[in-house]
Amino acid sequence: MKHLHKPRLFLLIWLLHILVYYSIYLIVLRILKNDYEAFYTVLGGAIGGLIGWLEQIPFFILIPISIMLALINSFLKKKWFEAYLIAILTAYLADYIWLFSEDKNNGVLLSTIDIDLIYLIIPSLLISILSNWLIFKRYYKAIASL
């Protein structure tokens with residue numbers, strides 16, 4: 001690891017998050033709907049996530065990205081994983097609280113299933129956080145040692 005390219009790493013962190021989080025989100029949704037025939041649509045989760053369909057906020061993904069960027073440019077300069085954790089947990093928790101307060105937390109947009117979205121959000125976040133740590137931990141450690 002001669003040269004650590006931070007902007008590229010930042011983009012890879014969020015690309016991985018988008019692909020893993022939204023894929024798991026749709027996989028869990030398909031399992032809960034007992035709809036195993038349309039599993040190929042899981043890959044479309046990244047598109048829905050980028051656009052904001054699944055969070056019901058247009059381009060929602062820009063919120064946690066902005067939070068992490070602010071954190072690593074202020075007081076978490078060497079703690080990128082902590083910044084990532086704070087960013088996604090803050091953004092997704094705030095979104096869920098907003099959905100709950102608007103009574104929109106009991107169904108996925110454009111779906112007929114009636115389920116509390118927390119059952120989709122929690123496993124998606126856990127798997128996304130774990131995969132992010134496993135894939136990028138040596139880069140996180142390299143940044144911390146700079």
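Structural data are supplied above this passage.
Definitions and limits used
Residues numbered from 1 in each chain as written. Predicted model: local features only at pLDDT ≥ 70, side-chain atom pairs only at ≥ 80, totals over all residues. Heavy atoms only, no water. Helix = DSSP H or I, 4+ residues; strand = E, 2+ residues; numbered from the N terminus. Contact = heavy atoms within 4.5 Å. Areas by Shrake-Rupley, 256 points an atom, 1.4 Å probe, with all protein chains shown as cover. Axes fitted to C-alpha atoms, helices over the stretch in contact; angles between N-to-C directions. Parallel < 35°, antiparallel > 145°, perpendicular 65-115°, else oblique. Left-handed = near helix turned anticlockwise from the far one by under 90°. Nonpolar A, V, L, I, M, F, W, Y, C, P; charged D, E, K, R; others polar. Polar contact = N/O pair within 3.5 Å; in protein donor to acceptor, adjacent residues only side chain to side chain.

Some words on the overall build of the protein chain
Phase 1 of the analysis: Helix and strand content of the protein chain: five helices and zero strands.
Phase 2 of the analysis: For the protein chain, the sequential pattern of α-helices and β-strands runs α-α-α-α-α.
Phase 3 of the analysis: Within the protein chain, contacts between residues at least 6 apart in sequence are counted, and of these 67% link residues at least 24 apart.
Phase 4 of the analysis: Only carbon and sulfur atoms are counted for the fraction: they give 70% of the accessible area of the protein chain, which is about 8,400 Å².

What about the packing of helix α1 (residues 6-33) against helix α5 (residues 118-144)?
Phase 1 of the analysis: At their nearest, the axes of α1 and α5 sit 8 Å apart, and the two run at 155° to each other. When the interaxial angle is binned, α1 and α5 end up roughly antiparallel. Considering how the two elements wind past one another, α1 and α5 form a crossing that is right-handed.
Phase 2 of the analysis: The class makeup of the residues in the contact of α1 with α5 is 22 nonpolar, five polar and one charged.

Thoughts on the environment of Thr-90
Phase 1 of the analysis: Tracing the chain through its elements places Thr-90 in helix α4 (residues 80-101).
Phase 2 of the analysis: For the pair formed by Thr-90 and Ile-67, sequence separation is 23 residues and the distance between their alpha carbons is 8.6 Å.
Phase 3 of the analysis: Only 2.6 Å separates the side chain of Thr-90 from the backbone oxygen of Ile-86, close enough to count as a polar contact.

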